[in-house]
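Summary of the model geometry
Read off the chains here:
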Amino acid sequence: MSRLIRNAVSMLLVMTVITGIAYPLVATGVAQVLFPHQANGSLIEQNGKPIGSELIGQSFDDPKYFWGRPSATAPQPYNGTASNGSNLGPSNTALRDAVQQRIDALRKADPGNTAPVPADLVTASGSGLDPDISPAGAQYQVARVARVRHLDTAQVQGLVAKYTQGRQLGLLGEPRVNVLQLNLALDGLQNK
Amino acid sequence: MTANDFLQIGIFLVVLLLLIKPMGSYMAHVFADEPNRLTRIGAGFERLVYRVCGIDAQEDMGWKHYAIAMLLFNVCGMVLVYAFQRLQGYLPLNPQHFPALSPDLSINTAISFITNTNWQAYSGESAMSYLTQMAALAVQNFLSAATGIAVAIAVIRGFARKTVKGIGNFWVDLTRTTLYVLLPISFLLALLLVSQGVIQNLKPYVDVPVVQTTTYANPVTDAAGNPVKDASGNPVTKPAQLTTETLPMGPAASQVAIKMLGTNGGGFFGANSAHPYENPTPFSNFLEMLAIFLIPGGLCLTFGQMVGDKRQGWAILVTMLVIFIPLAIGVTAAEQAGNPILHTLSIDQHASGLQSGGNMEGKETRFGIAASSLFTAVTTAASCGAVNNMHDSLTPLGGLVPMWLIQLGEVIFGGVGSGFYGMIAFAVVAVFIAGLMVGRTPEYIGKKVEAYEMKMASLAVLIPCALVVICTAIAVMTPTATATVANPGAHGFSEILYAVTSATGNNGSAFGGLSANIPFWNVMLGVCMFWARYTLAIAMLALAGSLAAKKHVPASAGTLPTHTPLFVTLLASVVIVVGALTFLPALALGPIAEYLMSVH
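What you see is a predicted model; the values in this text were computed from it and never measured.

Structural notes on the overall build of chain A
- Scanning chain A from terminus to terminus reveals seven helices and six strands.
- For chain A, the sequential pattern of α-helices and β-strands runs α-α-β-β-α-β-α-β-α-α-β-β-α.
- For 192 residues, the compact-globule formula gives about 16 Å, and the C-alpha radius of gyration of chain A, at 22 Å, lies well above that figure.
- The principal-axis extent of the C-alpha atoms belonging to chain A is close to 80 × 45 × 35 Å.
- In chain A, the proportion of contacts linking residues at least 24 apart, taken out of those at least 6 apart, comes to 57%.

If you want it as structure tokens, here you go:
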């Protein structure tokens, strides 16, 4: 029995060194060489300083910006240190109330737009950090953003198209529009 | 359901089958009792490991010896994981200066990771140091997976060997699994995931300025950190503003790779594979799903090859697929149909070329309905438990599927190793039932199934069932437990049932609204995870030991062939009947009641 205990303890320590120290450090080293941009968070930089990430969304509720997915993180939306969904059950009336409030907010920002709201614009994402909305969600907002910014709709459509990705490899996942990059491009357009 | 939904399920299955075949045959080579080309390549390093650990690699262990080594090794791992969590404040690689976790949470997490469950009552990015993630949690991702595979290989040897006492050497099986199977594939997968955007660094978290200042209602807390409530019981808030956002960092990809491949499922971040840094693209999602099924699927074929009749392996694999495919389609159809309580609002839940539509609460835009639903079915059929969408927000029938898949005993692919030996327990029960029909001693893979084998197989089948039902009953009678549910009505019961089911099935996913970080849940779910994992493994090792000692019986006219569609049907029926009879009453109170109320 004492030999078995010695075997077990030394095996655990050896495996900890191999899989818990060597493996992640080698993986970090190789990843930093091969894919430094992705390994460090796909940061968007301006003048050498990070101003966001392509993969992590930000909170928008100003009518001049495209709004992203509602976020259920606490205490603030899009809290990068507390990723989470709402975990509201499908039949919970709190879910229906929250969705209704979001529909009302979108309507208030864009009076006269009575089209049904695309589902992803009024339902909280799983991570609370979703960087994307569906192309339908972007189309719903194009007229509003163009009007508030006094831009030509076609110009806004052009930017939406630029930041829209189709299904990956033409098959996987869903088409999507990166909200932060789109909004940064909109700001960039008018700062010129 | 849309054509694309079917297409994404179809592509997944085709690629999976293409990968499973070489995987199964590769593992058969790794564990072959004779030396082969592969084990010669790494032999030097492998021998060094044995020498350092004082292990005699030639020793052939009887089942009791094997079981004690396995249990001892896992308990040592538990102590180490516990120590890392309690001491992380004093240890390096902790750039966010996270303090020690509470004792009950630490013991829960330690049991959770050694049992391949990865139930998480903590959120990685706000609780665990990089060192704890790498050197405690990810290590157990490897070792709990290797433990499961080792036990499965020992069970296969029970069938393959004739009239011997030994079923292999636990240390050798563990070492070979880790060095030849888990490490190389994890490394490759980690790099593929990084290429898609999964992070892999040791940097502190990064603050970035936000484009639009975030205004939000910040809850007011008193001196003790408890939320202040007003006269009517609502939390008091005050308006707050933020001009920066914090981006979490860390060595995620290396841990995510083994978390999928080893069917562990413990997320590096709280949102698990829904987090854009843990699963950034549809392709990373596809890789993660494949990684979950790769080894559990492959082991079926390893079995066929090692017992010298490949058809036996295919029969087990086909049985798994026969149950998996309709359930995967079921959850997709339920989610694509959308949430009925939102139908009266001005919301568009229809699929079109511009959106996936459906029930998007708790789902990520890049995955939509198809890639989220398939992930849900895969992660619960296998005892992985990683999630790329929040299961608590699935539609009632969409949520029924993952819960029932776990309740079937985690044998539809199941955990690496544990899914296979769990299915073998069902196969033994199936041949026994067939034997009863014709009044003949049943045989499986040339071994007579007698009273001892039946006892062990029955224990393996019934212990998880009993644990789930009894512990759910205890929980719903305990006010401190029922106070932790987040949703009212039938769904609240579903949260409790899912938690106990997930812990017992060593799955680890959750209806996440449940506030599980209280001593009651930490202790009870810890007990469920531990008991289910080790009683099953030990019962199956006992079965293996008894089988290895038996002589081979040649098939006769009275032998039920176990590679035919008839046997596949019989085996699938046994799995479904046991799962349905045990859990239908409980499911009727949870998801089924909720479904009937929502369509009413």
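That covers the picture; the talk isn't over yet.
Remarks on the nonpolar core
- Residues F324(B), I412(B), F413(B) and Y444(B) are the most contacted members of the largest nonpolar core, which totals 208 residues.
- The leading source of residues in this core is helix 6 (residues 130-160) of chain B, at 19 residues.

A word on the pairing of strand 2 (residues 49-53) of chain A
- Of the strand pairs in this sheet, strand 1 (residues 43-46) of chain A and strand 2 of chain A are connected by four bridges, and their pairing is antiparallel. In the strand pairing of strand 2 of chain A, I44(A) is matched with G52(A).

Details of unusual backbone geometry
- Of note, the amide linkage connecting A74(A) to P75(A) takes the cis form, showing an omega dihedral of -10°.
- With respect to the element layout, P75(A) can be found in the loop between strand 2 and helix 3 (93-109).
- In this structure, N272(B) is a non-glycine residue whose phi angle is positive, near 55°.
- Using a relative accessible area of 5% as the deciding quantity, one classes N272(B) as buried.
- Even without being a glycine, E410(B) presents a positive backbone phi close to 50°.

Observations concerning the sheet that holds strand 6 (residues 176-178) of chain A
All names here are of chain A.
- Taking strand neighbours across the sheet as the criterion, the three strands line up as 4-6-5 in an open arrangement whose pairing is antiparallel. The open sheet is flanked by strand 4 (132-133) and strand 5 (164-165), the only strands paired with a single partner.
- Where strand 5 and strand 6 come together, two bridges link them in antiparallel fashion. Within strand 6, the position partnered with Q165 by the bridge is R176.

Focus: the domain arrangement of chain B
- By domain assignment, chain B separates into domain 1 (25-202 + 251-281) and domain 2 (206-247).
- Distance from the C-alpha centre of domain 1 of chain B to the C-alpha centre of domain 2 of chain B: 39 Å.

Points about the packing of helix 4 (residues 63-87) of chain B against helix 6 of chain B
Residue and element names in this part refer to chain B.
- Interhelical geometry of helix 4 versus helix 6 gives an angle of 170° and a closest axis separation of 10 Å. Between helix 4 and helix 6, the angle is such that the two are roughly antiparallel. As helix 4 runs across helix 6, the sense of the crossing is left-handed. When helix 4 is examined against helix 6, the residues Y66, M70, F73, N74, G77, V81, F84 and Q85 are found in contact with a partner set consisting of L131, T132, A135, A136, L137, Q140, L143, T147, A150, V151 and A154.

Parameters and conventions
- Residues numbered from 1 in each chain as written.
- Chains lettered and ligands numbered in written order.
- Predicted model: local features only at pLDDT ≥ 70, side-chain atom pairs only at ≥ 80, totals over all residues.
- Heavy atoms only, no water.
- Helix = DSSP H or I, 4+ residues; strand = E, 2+ residues; numbered from the N terminus.
- Rg over C-alpha atoms; globule rule 2.2 N^0.38 Å.
- Contact = heavy atoms within 4.5 Å.
- Core = buried A, V, L, I, M, F, W, Y, C linked by side-chain atoms within 4.5 Å.
- Buried < 20%, exposed > 50% of the residue type's maximum accessible area, 1.4 Å probe, protein only.
- Pairing = 2+ DSSP bridges.
- Domains from an automatic or database assignment.
- Axes fitted to C-alpha atoms, helices over the stretch in contact; angles between N-to-C directions.
- Parallel < 35°, antiparallel > 145°, perpendicular 65-115°, else oblique.
- Left-handed = near helix turned anticlockwise from the far one by under 90°.

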